[in-house]
Structures are given as C-alpha cells and as structure tokens.
Amino acid sequence: MRALAVVLVLLPHVAGAEPIAIGIAPSTYTLSDGSRGFAPEVFAHTYLLIGDRLVLRPGARIGARGLVQPEMPAGLRVTERDFTTHAEVALTFDGTVVPSLAVMGGLDVRRIGVEGDGIDVSSSHIAHTELMPYLAMQIGVGLPLAHGTWLVEPTIRREFLLGDARVDWRFGLEVSYALRTN
Amino acid sequence: MVKSLVIAAALAGCIDSSVPAPYRAEVLVRDEQHHYALTDVDLPDLTSMSPLADPMLRFSDHPNFDVDQLEDYDASTFDAKANYSPRIRDVGGVAVARDIESLLTLSAYNVFKGVFARAREVYGPIDQLLPDGGFQILVEPKFSSKLGSQELGTNAAYISGGQAFLLVQMSSLEQVPLGMNPSVLSHEFGHHVFQITFAVADGTCHVNSPDPGPTPPGRFAGTETIAGFNEGFADFTAFALQEEKHVLADSIPALDTGERTIDKRVPGYLDFTWNTKDRCNGSFYCIGTLWARSVFEMYLATGARTDDIAARSAFARTIAASVGGIPARLRQRGGWPASSEACNFTGIDDEATLAHAYVEDFIAGLPVTLQPSACTELRARFDFAPAGCP
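Residues numbered from 1 in each chain as written. Chains lettered and ligands numbered in written order. Predicted model: local features only at pLDDT ≥ 70, side-chain atom pairs only at ≥ 80, totals over all residues. Heavy atoms only, no water.

Caption draft 1: Broad picture of the overall build of chain A. Within chain A, the secondary structure is distributed over 1 helix and 12 strands. Put simply, chain A runs from its N terminus to its C terminus through helices and strands in the order α-β-β-β-β-β-β-β-β-β-β-β-β. A buried classification covers 43% of the 182 residues belonging to chain A. Once local pairs closer than 6 in sequence are excluded, the contacts in chain A between residues at least 24 apart make up 56%. Total accessible area on chain A is roughly 8700 Å²; 67% of this is exposed by carbon and sulfur atoms. (Helix = DSSP H or I, 4+ residues; strand = E, 2+ residues; numbered from the N terminus. Buried < 20%, exposed > 50% of the residue type's maximum accessible area, 1.4 Å probe, protein only. Contact = heavy atoms within 4.5 Å. Areas by Shrake-Rupley, 256 points an atom, 1.4 Å probe, with all protein chains shown as cover.)

Caption draft 2: Focus on the interface of chain B and chain A. Facing 34 residues of chain B, the contacting portion of chain A comprises 34 residues. At the boundary of chain B with chain A, total buried surface from both sides reaches about 2800 Å², with 61% on carbon and sulfur atoms. Looking at the side of chain B facing chain A, the largest losses of area belong to Leu38, Ile100 and Gln175 of chain B, adding up to 20% of the total buried there. At the junction of chain B and chain A, the tally comes to 4 salt bridges. Between Arg98 of chain B and Glu130 of chain A there is a salt bridge; the shortest N-O distance is 2.6 Å. In this assembly, chain B and chain A are joined by 14 residue pairs in polar contact (both at pLDDT 80 or more). For the side of chain B that touches chain A, the secondary-structure elements that each account for two or more residues are helix H1 (2-11), strand E1 (23-30), strand E2 (36-43), strand E5 (88-91), strand E6 (94-97) and helix H2 (100-123) of chain B. One ladder, built from 2 bridges, connects strand E9 (residues 119-120) of chain A with E2 of chain B; its direction is parallel. The residue of E2 of chain B that forms the bridge with Asp120 of chain A is Ala37 of chain B. (Buried area = accessible area lost by both parts, 1.4 Å probe. Salt bridge = Lys/Arg side-chain N within 4 Å of Asp/Glu carboxyl O. Polar contact = N/O pair within 3.5 Å; in protein donor to acceptor, adjacent residues only side chain to side chain. Pairing = 2+ DSSP bridges.)

Caption draft 3: Representation of the pattern of salt bridges in the model. Residue and element names in this part refer to chain A. One pass over the full model with this rule turns up 37 salt bridges over all chains. Across the salt bridge formed by Arg157 and Glu159, the nearest N and O atoms sit 3.8 Å from each other. With a relative accessible area of 2%, Arg157 lands in the buried category.

Caption draft 4: How the structure looks around the sheet that holds E5 of chain B. Pairing within the open sheet is mixed, and its 5 strands lie in the order E9(A)-E2(B)-E1(B)-E6(B)-E5(B). Edge positions in the sheet fall to E9 of chain A together with E5 of chain B, since each of these pairs with one other strand and no more. By the bridge criterion, 8 bridges tie E1 of chain B to E2 of chain B in an arrangement that is antiparallel. Opposite Tyr23 of chain B, over in E2 of chain B, you have Leu43 of chain B as the bridge partner. Here H2 of chain B sits on the sheet in contact with E1, E2, E5 and E6 of chain B, set at roughly 85° to E1 of chain B. (Axes fitted to C-alpha atoms, helices over the stretch in contact; angles between N-to-C directions.)

Caption draft 5: Region of the structure containing the sheet that holds strand E7 (residues 135-139) of chain B. All names here are of chain B. Spatial ordering of the open sheet is given by E3-E7-E11-E10, a layout of 4 strands whose pairing is mixed. Lying at the two open borders of the sheet, with one neighbouring strand each, are strand E3 (57-61) and strand E10 (156-159). Strand-to-strand twist in this sheet, taken as the mean axis angle between neighbours without regard to direction, amounts to 25°. The sheet strands contacting H2 are E3, E7 and strand E11 (164-167), and the helix crosses E3 at an angle near 155°. Each of E7, E10 and E11 touches helix H3 (residues 182-202); the most contacted strand, E10, lies at about 15° to it.

Caption draft 6: Broad picture of empty space enclosed by the protein. According to the stated counting rule, one finds 3 cavities of 30 Å³ or more in the structure shown. Quantified by volume, the largest cavity comes out at close to 50 Å³. Taken together, the residues that form the lining of the largest cavity break down as 6 nonpolar, 3 polar and 1 charged. (1 Å grid on protein atoms, 1.4 Å probe; cavity = no way out; pocket = protein on both sides within 12 Å on 5 of 7 lines; lining within 4 Å. Points joined across faces, edges and corners; volume = space filled by probe spheres on them. Nonpolar A, V, L, I, M, F, W, Y, C, P; charged D, E, K, R; others polar.)

Caption draft 7: A look at the packing of aromatic side chains. Under the criterion given, the structure shown has 23 aromatic pairs over all chains. Seen in terms of ring centroids, Phe116 of chain B and Phe135 of chain B are 5.4 Å apart; in terms of plane orientation they differ by 35°. Their pairing is tilted. Highlighted residues: Phe116 of chain B in helix H2 and Phe135 of chain B in strand E7, separated in sequence by 19 residues. Here Phe116 of chain B matches Phe135 of chain B in class, with each residue buried. Above the ring of Tyr29 of chain A, the side-chain terminus of Arg65 of chain A is found at 4.9 Å from the ring centroid. The ring of Trp274 of chain B has Lys277 of chain B lying over it, and the distance from NZ or CZ to the ring centre is 3.7 Å. (Phe/Tyr/Trp six-rings, centres within 6.5 Å; stacked < 30°, edge-to-face > 60°. Lys NZ or Arg CZ within 6 Å of the ring centre and 35° of its normal.)

Caption draft 8: Spotlight on the side chain of Ser107 of chain B. Mapped onto the elements, Ser107 of chain B comes out in helix H2. What Ser107 of chain B contacts, discounting residues up to four positions off in sequence, is Val27, Leu28 and Met180 of chain B.

Caption draft 9: A look at the packing of H2 of chain B against H3 of chain B. Residue and element names in this part refer to chain B. The interhelical angle for the contact between H2 and H3, taken along N-to-C directions, is 55°, at an axis separation of 9 Å. Taken together, the axes of H2 and H3 are oblique relative to one another. At the point where H2 passes H3, the crossing takes the right-handed sense. For the pair formed by H2 and H3, the contact residues are Ala108, Val111, Phe112, Val115, Phe116, Ala119 and Tyr123 on the first element and Pro182, Leu185, Ser186, Phe189 and Val193 on the second. Per-class residue counts for the contact of H2 with H3 are 11 nonpolar, 1 polar and no charged. (Parallel < 35°, antiparallel > 145°, perpendicular 65-115°, else oblique. Left-handed = near helix turned anticlockwise from the far one by under 90°.)

Caption draft 10: Spatial organisation of a nonpolar patch on the surface. Residues and elements named next belong to chain A. Taken together, Val89, Leu101, Val103, Met137, Ile139, Ile156, Trp169 and Phe171 make up a surface patch of nonpolar side chains, about 690 Å² in accessible area. Residue assignment for the nonpolar patch shows that the elements contributing at least two residues are strand E8 (98-116), strand E10 (128-145) and strand E12 (169-180). Mapped onto the elements of the fold, Val103 is located in strand E8. A relative accessible area of 40% means that Val103 is categorised as partly exposed. (Patch = residues over 30% accessible without salt bridge, like charges linked within 9 Å, V, L, I, M, F, W, Y side chains within 5 Å.)

Caption draft 11: Summary view of the packing of helix H5 (residues 285-301) of chain B against helix H7 (residues 351-364) of chain B. All names here are of chain B. The N-to-C vectors of H5 and H7 enclose an angle of 20°; their axes lie 12 Å apart at closest approach. With respect to their mutual orientation, H5 and H7 come out roughly parallel. Classified by chirality, the crossing of H7 by H5 is right-handed. Where H5 abuts H7, its residues Ile287, Trp291, Val295 and Met298 lie against Glu351, Tyr358 and Phe362. Broken down by class, the residue content of the contact of H5 with H7 amounts to 6 nonpolar, no polar and 1 charged.

Caption draft 12: Structural view of the pairing of E11 of chain B. All names here are of chain B. Taking every second residue as pointing to the same face, both faces of E11 are buried, with Ala164 and Leu166 on one and Phe165 and Leu167 on the other. Relative to E11, E10 runs antiparallel, the two sharing 4 bridges. In the sheet register, Ala157 faces E11, and the bridge partner there is Leu166. Linkage of E10 to E11, two consecutive antiparallel strands, is achieved through a turn of 4 residues, within which Gly161 is found at a positive phi near 80°.

Here is the structure:
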C-alpha cells in the first residue's frame, strides 16, 4: 500500500508538472438491492496552467468498491469486490470556487467470490477474477480552504464499466491537500 | 475508444458472455434429501439466454409494480416480451452467473421448469394449467403506490389473474433463497392452480360493473378468509408436487415457529384450532394451515405413502376439483350481505360464516369415500360440525 502511495505522489513528477496535490475521495453509489454502497479512493493531481485561469488537472487514483455488499441470503452469497485504477484529466477554473469537469479511464479488477453456509458450493465455477475497462465523467465544485492548501470538492460521476451495466452514478466528496504550490 | 477497450478487455482474458445453445447453466439444485448444491444442469427448453426466455417463461428486468392497480391486473398486463438478461460468463459451454441476482434467475428458471413438469404429472387434466402465453417472471420489481415507492424483500409471489410470478429482493433472513427453493415455487404455483380452479369459477370482479348484485362475480376470491384458504391450497400443492410438509423450512428456518407445518409428526409442530388460532401469528395464513393440515391427514387416511407420487397426484386432482366447485356452491347458498358495488366486499368477510361455508362446500364436492375423513379432520380443526357430516 505504501508503494502505491509513493507511485501516486511521484506520478506528477514523471509528467514534469509542478504543483502536486494528494487526496482522498469517499463516495457512495446504489447497490443492486437499492441500498448505498461505499467506495473510497486515493488520488494525486497535478496542475497545468493552460489559460488565464484555466487549468488542466491530470492525475491518477486507486480505489475499492464492494466494501459493502448488497443484502443476500445467509446460506448463499456471491460477493463482488473491485480494485480500481484510473487515470484522469480535468479542466478546472481557478476562481473563488473551482469547478471541474473530468474524464477518467482505467481498469477495474473484480474478484467474484461464492460462499455457502449449508449449501455445497464446491463444484461452483462462480469464483473468478474479471478485468473490466472503465470510463467516467465527473463534475465537481471545489471549495479552496487555507489559501488553497486544501480543496474540498463535492462530485457527481457517471460511470461506465464495460461488462457491468449496473454501474451508473456515484456521489462523492474529494478532499485534497497541496503538497507543493506555485 | 470503446471498441478498443472492449478488445483490450478481451485480450486481458476477461468476460465471454456468449453461451451457445442448447444451454447449460450452473444453478442451485436440491436433491431428495433436501441437500442444496451448485451444479451444472441442462436447460433444454431455454430458447434465449439474453433475454432469458422460453415459450413458457419470460423474465422481466426490475419492472415497476403498481400496487394500486393490483385489482385491475389481468393476463394482458404481463404479456410483455422478456427483457432480463442474466450476467453470465461462458465456462466450457456452461453459463455461470457473475452475480447473485443472475444466479437467482437462472436457478429459478430451472426450478420453475421442474415445478411445471411435476404439475403436469400431478394436475394434468385441469384445463389451462399452463397458459398458452406462458408466465412472466418479474425479477426484483420495484413496488410503487400512491404512498410512494418502496423496496420489499424476502418473498416470492404469484399475481392472481396476472399469470405472473414475482421474485422479490433477497434478504439475509433467507437461508436457501426463496426463488431457488422448489417447495416455495411449488407453493406459488399452487396459487395459480387455485386461480384457475376457485377464482375462475368465482369470476372477475370489475369495479365499474353496472350490474352489482348480492353475489357479483369475484365476490369471494378477494376476501381475506378465502385468501387464507388460497394459502392453504398453495401449501397443499407444495406437498402434492414436492412431498413438502413445511414450505418455509429450508428457506426461513430462523422464523420457523412450526405454525406452517402441515404434518403433526414433524418436530416443532405448533398445534392450534379455529378457536385457538390466536396461537398462530400468520394472520389469514393460519386459516389455510388448518385446511392444509386437514387435507394432509385425509391423504394419510387413504393409506397412501407420502412418497407415492401417483397417489398424491390422484388425490390432488380430487382436491382441486372440489375446490373449483366451491364458488358455485357458495353462490347457491344465498343470504350473503348485499353490496352496493361489485367489488365492495364489506359484510361478507365474516371469518366464521365464510370459512364454515367454504369447509362445508369443500366436503360436499368430495367423493363420498373421502367425506368421512374430511368431516373428521375439518371438524377437529375448525371447531364446528359441518352440515352433511354424520
């Protein structure tokens, strides 16, 4: 996990960009049973000034989905747990508030498991790992705090997971901390 | 871009969801000892995996179910084509579910086919046992009403008159998922048999009927008392088709109080009669349990073994024939409270009056050879002396 964090921090350096921010992004989405799921992410951003106050914000993030499973029978459970890796680029406007429009792409690794309690699952082929391409668009409104050292950004994301049409909307709150500013 | 990603995903060895016909699938199967296992089975009748359908079953994807329209539902309400596709992958030609809901639907399909095959064996002579247009299966529908939408769980259901079944959202109260349990789906099919016997004979209630009378069509089937007998008939159907004596035992053992057990020899059986039915917490279901227990004992009184499918079949056809004749006999009785509207059941749902009439008219429709045991068993449980009994 520490190695991943190091990669996230170093990624903007590789891109040759200057400012760096890292953050966390807890979010929620609708599970198949109608209840709410929880999907945390960690991310790193860098900032490229491309206009007067227009900023391109490339970055990367890793996350998890499936920490909360939909309600299932006690005797038979099919669990789905995802590890997500996404690259992204956002267009932001550096103002009193910081609106952003981001596109994301990446890969989700899903581990499907099957568990039986009193039910024989020994012959099952359900347990499996899947790789699924991921695309998303996200809009957010960032609120700079402490002279821009912190950015708190409520977000709405429309997700497309090729191979899983159940994935649709995600609502989150991103909190980032500027490690280095201009 | 999307195409490239799909190709990338395919190269990464991920999902192959195209399964060739004739279809095979991994589903939950129960053996005769009630052991459950995930096993590969053939699905020879299945004509389409995506959407899931064959000439008899059409799976519908999370449709809206308007509870306020329930009384107006008929077969045409649920005649839409299938649109539910299970999320599967191909494992050596076998469709393997990629989530719990897909496993539920594939398993339910297999269980329904088994129930239909057994129903043809047991109830074959009944007209329109299986409707020409087949049944629609509503997969985890969303329930709405004037009060708003809501999620309901832990159930499977039959929509009377609609020729449709519901597979409701699963819950952790279930041990074996209800929609994968042959006894539970046999119970639901029993409601269909009750529909095509009792309810069809009772007629269809139309709210705006210009001809309300003392016993307009559909007068009896909608009452809570008859709903209780409907549940009892469904539990008896689970016995007829699956030799099941406690329809919920496998699926909801945590809530098993013994009040639904129809065989008094089963440990945990909760005894009660009409006069002591406050001991039973199942509301109108308790009326049905009294009837189902009586009919089960009538079957044993014939000397047949419970595992004798031929004997169960002959007995079940006799029972269904008598039940189908009850509405006409109820109507002939007369004296039911007048109602101002066709579907106004106010005044008719006097439990004892209607229940006693049902029991007496059920006995009257039985062969004379069964009537003595029917009198004995029903009198003992309903705490009254049925007319015509010695």
